[in-house]
There are 4 protein chains.
Amino acid sequence: MSHGRECAPPWRVAEWFNTPEPLTLAQLRGRVVMVCAFQMLCPGCVSEGLPQAQRVAHLFRREDVEVVGLHTVFEHHDAMRPVALRAFLHEYRITFPVGVDEADGVGLPRTMRAYRMEGTPTTLLIDRQGYLRRQVLGHLPDLRLGAEIMALMSEAAAPPDAAGSPDIRMPGGCA
Amino acid sequence: MSHGRECAPPWRVAEWFNTPEPLTLAQLRGRVVMVCAFQMLCPGCVSEGLPQAQRVAHLFRREDVEVVGLHTVFEHHDAMRPVALRAFLHEYRITFPVGVDEADGVGLPRTMRAYRMEGTPTTLLIDRQGYLRRQVLGHLPDLRLGAEIMALMSEAAAPPDAAGSPDIRMPGGCA
Amino acid sequence: MSHGRECAPPWRVAEWFNTPEPLTLAQLRGRVVMVCAFQMLCPGCVSEGLPQAQRVAHLFRREDVEVVGLHTVFEHHDAMRPVALRAFLHEYRITFPVGVDEADGVGLPRTMRAYRMEGTPTTLLIDRQGYLRRQVLGHLPDLRLGAEIMALMSEAAAPPDAAGSPDIRMPGGCA
Amino acid sequence: MSHGRECAPPWRVAEWFNTPEPLTLAQLRGRVVMVCAFQMLCPGCVSEGLPQAQRVAHLFRREDVEVVGLHTVFEHHDAMRPVALRAFLHEYRITFPVGVDEADGVGLPRTMRAYRMEGTPTTLLIDRQGYLRRQVLGHLPDLRLGAEIMALMSEAAAPPDAAGSPDIRMPGGCA
């Protein structure tokens, strides 16, 4: 797992599904967050990324691990509008929260660009302090993903390397 | 395989993809035809029906077996318009001809109703004379499908039970 | 499919399982025969070849297609004796007839050598006249196998190219 | 995961493969241990249990997680003797240590009985102090297994509930 300590950029979401309220990373501080960035017409997202995200959502308790889908449309915009996404989520029985990444014309949507994602699906793991600890184009094998999520769950709420360090100015994690 | 001798109803198609000219059953007389009726947001179509149709299209020569997709939208009409279908066919690399079944308001589209299909995917096999010889909701195992297609290919161009029968008024098959 | 017209060499079998009487190719004249040559400790045989043979045995009627296993042990002889094979067939619920290819010291067993097989699994298709029509190291995709079996089933009992030919001395097929 | 604190019974092994020295649980104290109890002719062991054990052995470093196979033969004894097991391990490319559970006539072998296993495959997880923390007939989904292994890796070397407790007589774990 990457040992970087980059704060996960905030999400810029135009519309949410499967949640009564918009979600923000700040609200989710204290939980491990798995993000599946996908497009509804991307074959690898449909066959691999989203089913894995569903398995994670079913295995872990939501107070431990929040699974979030991010619809990062960067092609075929006309075919993947929110009305189509709504039908897709219904047909594929996806029940975790899904946000629509804010479009920026026909280029990469804003959150996708902030994370410098290279395609879909992209899998993100964000720790309990809001640091982006893992980003991978595609998906991890289930065995490894389970281990990485649990490693993050096992960390204390304070950053593991912050104890006693005067250099860490944000002991509670990312702003 | 059903031993019925019902002529396959004509297709009513609003728009074709992957073919320079509209296709009709009459044109395909002399070939075995496999139809995969699907919806682009139907999980079983995406995971099973369409991949099988692609395998059939790759295995057999087109002068022997014509594979045709039929987009029979009966739900989520706004999400599965032709502009979305075009993107879907591109992303899933489907190269056989696909026709859009003519809508009839928000009910079953016209070809789907003519065949009394009960859902998607539906698999059809039509013989060289234009008779509908197999219709199944879902898909057949590959082994059986390969055998059934070859059985139809092995039949003479004239109906097998028509030889010398004064009762058969259309020895060349369906009108 | 190979268009060769080589008679399938007779089987040399030391012991049979799952059949009250030894089987010979001559007895099976008139049926299509699929042979799965395997070793019980060959991973590809266990994961692919034998499950496919079981699917064929379940799909077709035995009077049309006879499925036969041939235990062609050419390595680890001590580990794959008939007592072990018996347990293997029981555990993997293989119910079609299986013959033990006659050993020839520690080299290739006799039937395997007569067919010039190059490893396991090897899939054979023998037509209704006893001609070897297909031999492949590994296995065919199900769709193709189903089609090839049905093509052989569709042939007349007399060789297709023998009609009226004075050169064919055995109109009933192989001796 | 079971919260029991039962010490894992010692292994009774007649013969080891893939290790220059016999392994004991006492030696492995400090590591997480995954045991895959299997029989070489058990289909579920071959298709599921052993491939999963191989994935675990490949993913984790051996100083963190030791994967051990245990050949618990309770049926078809003649077919699964060590000479056959050796060929099996070679063909299936299993490289982690495998012990042959001590036979006790034709009944359950001794280690299998000590753990009260109900069949094969059985998956065990033993923590760094030697406590048996998970025992399941069959196998766990990869996602859950990865998480459970990492949870055990994240525990301190001393028992988590032993800190300051005068009742724990073996602070270093099982004898």
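What comes next is a walk through the structure.

Here's the deal with the relation of the copies chain A and chain B
Thought 1: For the match of chain A to chain B, the screw axis carries a shift of 0.0 Å, the RMSD comes to 0.0 Å, and the turn is 180°. The relationship between the two copies is best expressed as a two-fold rotation axis.
Thought 2: Of the residues that chain A buries at the interface, 100% are likewise interface residues in chain B, meaning the two copies contact each other through the same surface.

Re the relation of the copies chain D and chain C
The two chain copies are connected by a rotation around an axis plus a translation along it.
Thought 1: The transform that puts chain D on chain C rotates by 180° and translates by 0.0 Å along the axis, for an RMSD of 0.0 Å.
Thought 2: The residues that chain D uses at the interface reappear at the interface of chain C in 100% of cases, marking a shared surface.

Here we look at the packing of helix α4 (residues 142-154) of chain B against helix α4 (residues 142-153) of chain C
Thought 1: With their axes 7 Å apart at the nearest point, α4 of chain B and α4 of chain C run at an angle of 40° to one another. Comparing their axes, α4 of chain C and α4 of chain B come out oblique. Crossing of α4 of chain B over α4 of chain C shows right-handed handedness. Counting all contacts with α4 of chain B, which are made through D142, L143, L145, G146, A147, M150 and A151 of chain B, the residues of α4 of chain C involved are D142, L143, L145, G146, A147, M150 and A151 of chain C.

Describing the interface of chain D and chain C
Thought 1: Taken together, the 16 residues of chain D in the interface contact 16 residues of chain C.
Thought 2: For the pair chain D and chain C, the summed buried area comes to about 1,300 Å², and 70% of that belongs to carbon and sulfur atoms.
Thought 3: Looking at the side of chain D facing chain C, the largest losses of area belong to L41, E91 and Y92 of chain D, adding up to 39% of the total buried there.
Thought 4: Seen at the junction of chain D and chain C, the total is 0 salt bridges.
Thought 5: Elements supplying a minimum of two residues to the side of chain D that touches chain C: α1 (43-59) and α2 (82-91) of chain D.
Thought 6: If one sorts the elements of the side of chain D that touches chain C by residue count, α2 of chain D sits on top with 6 residues.

A closer look at the interface of chain A and chain B
Buried accessible area, meaning the area lost when the parts come together, often serves as the stated size of an interface.
Thought 1: Opposite the 16 residues of chain A that make contact, chain B presents 16 residues.
Thought 2: Surface buried jointly by chain A and chain B totals about 1,300 Å² across both partners, of which 70% is contributed by carbon and sulfur atoms.
Thought 3: In terms of surface lost to chain B, no three residues of chain A exceed L41, E91 and Y92 of chain A, which account for 39% of the buried area on that side.
Thought 4: Here chain A and chain B share 0 salt bridges between them.
Thought 5: Where chain A meets chain B, there are 2 residue pairs in polar contact (both at pLDDT 80 or more).
Thought 6: In terms of residue class, the side of chain A that touches chain B is made up of 11 nonpolar, 2 polar and 3 charged.

About the criteria used
- Residues numbered from 1 in each chain as written.
- Chains lettered and ligands numbered in written order.
- Predicted model: local features only at pLDDT ≥ 70, side-chain atom pairs only at ≥ 80, totals over all residues.
- Heavy atoms only, no water.
- Least-squares fit on C-alpha atoms with pLDDT ≥ 70 in both.
- Contact = heavy atoms within 4.5 Å.
- Axes fitted to C-alpha atoms, helices over the stretch in contact; angles between N-to-C directions.
- Helix = DSSP H or I, 4+ residues; strand = E, 2+ residues; numbered from the N terminus.
- Parallel < 35°, antiparallel > 145°, perpendicular 65-115°, else oblique.
- Left-handed = near helix turned anticlockwise from the far one by under 90°.
- Buried area = accessible area lost by both parts, 1.4 Å probe.
- Salt bridge = Lys/Arg side-chain N within 4 Å of Asp/Glu carboxyl O.
- Polar contact = N/O pair within 3.5 Å; in protein donor to acceptor, adjacent residues only side chain to side chain.
- Nonpolar A, V, L, I, M, F, W, Y, C, P; charged D, E, K, R; others polar.

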